[in-house]
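Reading the structure
Now for the letters of each chain:
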Amino acid sequence: MESDPLKILFIGGDEQFARVVAGLLGGAIDLVTAPTMDDAMPRLSGQHPFQAILIDLPAADKDGLLQVGLLSVKKPKLPILVFGPSSDAEFAAEIVRSGAQDYLAKDELDAHLLQRSLRCALERQHERSSLIEEKDNYYGVFDHLVEGIFRTTPDGHYLLANIALARIYGYASPVELMASITDIAHRLYVDPGRREEFVQLMQANDTITGFESRIYLKDQTIIWISENCRAVRDAQGNLLYYEGTVEDISERKHAEEQIRRTTAELSRSREELRAKNQLMEDNLRMAREIQTAMLPQLYPVFPPGAAPAQSAFQFTHRYHPADAVSGDFFSVTALSDGEVGVFICDVAGHGVRAALVTAMIRALAEELKPLARDPGQFLRKLNSDLCAILKSTGSPMLTTAFYLVADWQRGTLRFSNAGHPKPLLIRRAQNSVEPLANDSGRSQPALGLFDDPPYQTTETILAPGDFLMLFTDGLYEVQGPDEELYTQQRLVLDVKSLLSLPPGKMFDQLLETIRTFSTDREFEDDVCLVGLEYLGQPPKN
């Protein structure tokens, strides 16, 4: 199928020369003529687009330059070829600077020269249009990013800013922002010396991540921002400018302030927890790293003084918060030379609010050591204290918990359950995996819901090789393909398939199995796994 002919507009009053041009271009050209610029403009605004413009200038003068410049502004995407009366190099250069692609002397014109010039003009204009489009696309993305983007000089002037940055700082446009803030150190930052600190860090490291500062908006309102920045240098290592991103973190800072106020209220409600609440406030600010440090770092050995590998009880755990901080918590505590207490809890949800309650429960549990040998009484008192505090704050939070006391000398396990998922008791000798239920077989309420419910203590026997697996509900509340849910029944089957593995490898393989089942290979909730393995009486030296 033949391609459509090029449609070209010829502007000029010399009809004979127009016919000559048409002949030189050949039959694949549809040449439309317009005697004057006034006649050409309506044609250029019509429905049938042209691919190029040819202009016949009667004289090499300013009027010709003006016509070419006007036409290039009106139709920037169309290549323009200009015919002139003579090969005047200086005038040809002026014509090109005015917007034309080429200048051709009429007395030197031939078919080869004209066709080559037109072809080159079309190619150059296509490349130019592509570059313009790429530039427009780039700045379209640049200006519509949610994060503010900047480029500044070392002495504190803006070289570049996007719309998001102007909006964050309260200005109508990047132009207004750059015109208004000409001294970043004094016009933008609230705290004196903050810009100097920024520059010193950049000089030392060439990058900054999470540089948090208070800054003034256009109306002098103060907000918090976080900056990520890098230094851009030339080939010789000389600093050219800084560029980076800005995020408004005022809401997070306000949330941190709210957490501090809530912590102070809890401190007043329970005077004896004042020191622990202060630690809790610090922990919340420090987020995941500090909360992880609250978990057991070393496990007790039984009997005391035994080598860890020969301890009657072996422990292992895996802890995976869904957010920066978690609503899951556990502890492993030696109650005597022969007994260990293991506690696990799960506050509804995850994130800062849930982590605040777990820190409070940790502090309460520390005060209940006199009751720690009786799991039922331990949970009952913990529930009473938690209810009293939550009522004073007006913020009830569903919290499930499980507590056990294991005695290596007697080979017994005493436990009580407050609405928590039943741990799995793995009896390797019998190749069995069973949920650990209390004697009544009935579930008992979660903590923090009722004032004084009874919590039953149940006792069972441990045999050497038995392994108890405690976990939070985030382990099995996972959705797979076709909205299929991973159930506790499936959990039991998967654990049975891993009985030959040691506890640590069992936990790792189980987590990978569940991730593989999950649609997005991630857990939606906090996950905590705690294992207690009973090896029996340690060998006597």
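As the structure is a prediction and not an experimental result, all values here were calculated from the model. (Residues numbered from 1 in each chain as written. Predicted model: local features only at pLDDT ≥ 70, side-chain atom pairs only at ≥ 80, totals over all residues. Heavy atoms only, no water.)

1. Details of the overall build of the protein chain
Within the protein chain one finds 15 helices and 20 strands. The C-alpha radius of gyration of the protein chain comes to 39 Å, more than 25% above the 24 Å expected for a compact globule of 541 residues. For the protein chain, the C-alpha atoms occupy an extent of roughly 115 × 60 × 45 Å along the three principal directions. Per-residue burial over the protein chain gives 47% buried out of 541 residues. Intrachain contacts of the protein chain at a sequence separation of at least 6 include 63% that bridge at least 24 residues. Element-wise, carbon and sulfur atoms account for 52% of the exposed surface of the protein chain, whose accessible area totals about 27600 Å². (Helix = DSSP H or I, 4+ residues; strand = E, 2+ residues; numbered from the N terminus. Rg over C-alpha atoms; globule rule 2.2 N^0.38 Å. Buried < 20%, exposed > 50% of the residue type's maximum accessible area, 1.4 Å probe, protein only. Contact = heavy atoms within 4.5 Å. Areas by Shrake-Rupley, 256 points an atom, 1.4 Å probe, with all protein chains shown as cover.)

2. Considering the sheet that holds strand β11 (residues 313–320)
An order of β11-β20-β19-β16-β17 is seen for the five strands of this open sheet, with the pairing classed as antiparallel. Of all the strands in the sheet, just β11 and β17 (432–435) have a single pairing partner and so form its edges. Each adjacent strand pair in this sheet contributes to an overall mean axis angle of 15°, direction not counted. Looking at chain direction, strand β16 (residues 424–427) and β17 are connected through four bridges and run antiparallel. Bridging across to β17, Leu-425 finds its partner in Glu-434. Against the sheet, helix α14 (residues 488–496) engages β16, β17 and β19 (466–471), with an angle of about 25° to β16. (Pairing = 2+ DSSP bridges. Axes fitted to C-alpha atoms, helices over the stretch in contact; angles between N-to-C directions.)

3. Some thoughts on a negative patch on the surface
On the surface, a cluster of negative charge is made up of Glu-147, Glu-247, Asp-248 and Glu-251. When you line up the elements, Glu-251 lands in helix α10 (residues 250–269). Its relative accessible area of 70% is what places Glu-251 among the exposed residues. (Patch = residues over 30% accessible without salt bridge, like charges linked within 9 Å, V, L, I, M, F, W, Y side chains within 5 Å. Salt bridge = Lys/Arg side-chain N within 4 Å of Asp/Glu carboxyl O. Lys, Arg positive; Asp, Glu negative; His and termini not counted. Charge placed at Lys NZ, Arg CZ, Asp CG, Glu CD.)

4. What to know about the pairing of strand β12 (residues 328–334)
Side chains on a regular strand alternate between the two faces of the sheet. In terms of burial, β12 is a largely internal element, five of the seven residues being buried. Pairing geometry for β12 and strand β13 (residues 339–347), over seven bridges, is antiparallel. Residue pairing across strands places Phe-330 opposite Ile-344, the latter belonging to β13. Here β12 hands over to β13 after four residues, the two strands then running antiparallel side by side.

5. Quick notes on the sheet that holds strand β5 (residues 102–105)
One open sheet accounts for five strands, arranged β2-β1-β3-β4-β5; its pairing is parallel. Both outer strands of the open sheet, β2 (29–34) and β5, are each paired with one neighbouring strand and no more. Averaged over all pairs of adjacent strands, the angle between their axes in this sheet comes to 25°, without regard to strand direction. Where strand β4 (residues 80–84) lies against β5, four bridges are found, and the strand directions are parallel.

6. Considerations on the pattern of salt bridges
Oppositely charged side chains are able to pair whenever their charged atoms sit close together. Using the criterion set out here, one finds 26 salt bridges in the structure. One salt bridge connects Asp-508 with Arg-318, and the closest N-O pair in it is separated by 2.7 Å. Of this pair, Asp-508 sits in helix α15 (residues 503–517) while Arg-318 sits in strand β11, and the two are 190 residues apart along the sequence. Residue Arg-318 is classed as partly exposed on the basis of its relative accessible area of 21%. A salt bridge links Arg-427 to Asp-466; its shortest N-O distance comes to 2.5 Å.

7. Some remarks on the packing of aromatic side chains
Any pair of aromatic rings gets described here by the distance separating the centres and the angle formed by the planes. Taken as a whole and judged by the stated rule, the model has 17 aromatic pairs. In this structure an aromatic cluster arises from ring pairing among Tyr-299, Phe-302, Phe-313, Phe-315 and Tyr-534. Note that Lys-106 overlies the ring of Phe-17, its terminal NZ or CZ placed 4.5 Å from the centroid. A cation sits over an aromatic face here: Arg-194 above Phe-211, 3.9 Å from the ring centre. (Phe/Tyr/Trp six-rings, centres within 6.5 Å; stacked < 30°, edge-to-face > 60°. Lys NZ or Arg CZ within 6 Å of the ring centre and 35° of its normal.)

8. What to know about a nonpolar patch on the surface
Taken together, the side chains of Leu-398, Leu-449 and Phe-450 present a nonpolar region at the surface, about 290 Å² in accessible area. Tracing the chain through its elements places Leu-398 in the loop between α13 (375–393) and β14 (399–407).

9. Considering helix α2 (residues 37–44)
Along an α-helix, a turn takes 3.6 residues, which lines up residues three or four apart on a common side. Taken residue by residue, α2 has Met-37, Ala-40 and Leu-44 as its buried positions. For α2, the arc enclosing every buried residue in end-on projection is 55°, short of the 170-degree limit, so these residues lie on one face. Residues of α2 that are exposed and angled more than 90 degrees away from the buried face: Asp-38 and Pro-42. In this structure, the buried residues of α2 make contact with β1 (6–11), β2, β3 (52–56) and α3 (62–74). (Arc of directions from axis to C-beta.)

10. Here's the deal with the nonpolar core
Among the nonpolar cores identified, the biggest contains 52 residues, and Phe-313, Phe-343, Leu-379, Leu-382 and Leu-404 are the most heavily contacted of them. Membership of the second largest hydrophobic core comes to 26 residues, among which are Tyr-158, Ala-161, Tyr-169 and Tyr-189. (Core = buried A, V, L, I, M, F, W, Y, C linked by side-chain atoms within 4.5 Å.)

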